[in-house]
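# Notes for the structure review
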Amino acid sequence: MKKYVAFILALMLVFALAACGGNDAGGSELKEAVGVTIPAFSLNVNGTVITDAELADYPVYEVSATSTNSSGTETTCVYVGFSLKDVLEAAGVGEFETLAAIAGDGYEVEVDAAMALEPSTLIAISKDGEQMKDGPWFAPCTSATTGDYNKGVVAISLDGADVDLNAGGSEGGE
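The paragraphs below set out a description of the structure included in this document. Note that the structure is a prediction, hence the values are computed from the model and not measured.

The rules behind the values
- Residues numbered from 1 in each chain as written.
- Predicted model: local features only at pLDDT ≥ 70, side-chain atom pairs only at ≥ 80, totals over all residues.
- Heavy atoms only, no water.
- Helix = DSSP H or I, 4+ residues; strand = E, 2+ residues; numbered from the N terminus.
- Buried < 20%, exposed > 50% of the residue type's maximum accessible area, 1.4 Å probe, protein only.
- Lys, Arg positive; Asp, Glu negative; His and termini not counted.
- Salt bridge = Lys/Arg side-chain N within 4 Å of Asp/Glu carboxyl O.
- Polar contact = N/O pair within 3.5 Å; in protein donor to acceptor, adjacent residues only side chain to side chain.
- Contact = heavy atoms within 4.5 Å.
- Disulfide = S-S within 2.5 Å.

All right, on to the side chain of D148 then. Here D148 lies in the loop between β10 (137-140) and β11 (153-158). Here D148 occupies a buried position and makes no salt bridge, while the nearest side chain of opposite charge, K127, is found at 14 Å. Among the polar contacts listed, one links the side chain of D148 to the side chain of S143, at a separation of 2.6 Å. If near-sequence neighbours (up to four positions away) are discounted, D148 is found in contact with V109, M115, F138, P140 and S143.

This brings us to the state of the cysteines. In this structure the tally under the stated criterion is zero disulfides. No disulfide involves C77; its nearest neighbouring cysteine sulfur is the one of C141, lying 9.0 Å away. Here C77 falls in the buried class, since its relative accessible area comes to 10%. By relative accessible area, which is 0% here, C141 ends up buried.

Bringing the side chain of S143 into the picture now. Along the chain, S143 turns up in the loop between β10 and β11. Here T145 takes part through its backbone nitrogen, which lies 3.1 Å from a polar atom of the side chain of S143.

Shown next, in the form of structure tokens:
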């Protein structure tokens, strides 16, 4: 009898540990998405314009991310898009210390390279099933702070480089 109790307890421990795996501090979980329609868009990455066509051979991911806004309200959203690492690779970007995601209206979110290069940081084409309207979302899904996310992104600036906000932006995804 004791043998079965020990086995059951060990099995419960394994299941409990497996249930906790895959989530990080921001509550994000990365998985590859299939059958996703990619809207037309372009993004100025440190002076290089990257479009949906340049990213056609890269995988698309889905991330469920939990974040908290300034009033303390916690929300979980599902983002679908390209890994920022892949977008930077397509643009031929090397090393950097800071990254700013800039929306078409000039709103800017800056993160350090460590957060930017997390596998679950996305240039998202949809949020909770709603496709982008004014450009993709910058979604650093490991961040538990809603203020680190940005919608309508048209440009990525590395280490404070000047970028033309009119050189990128969404195309036809309106």
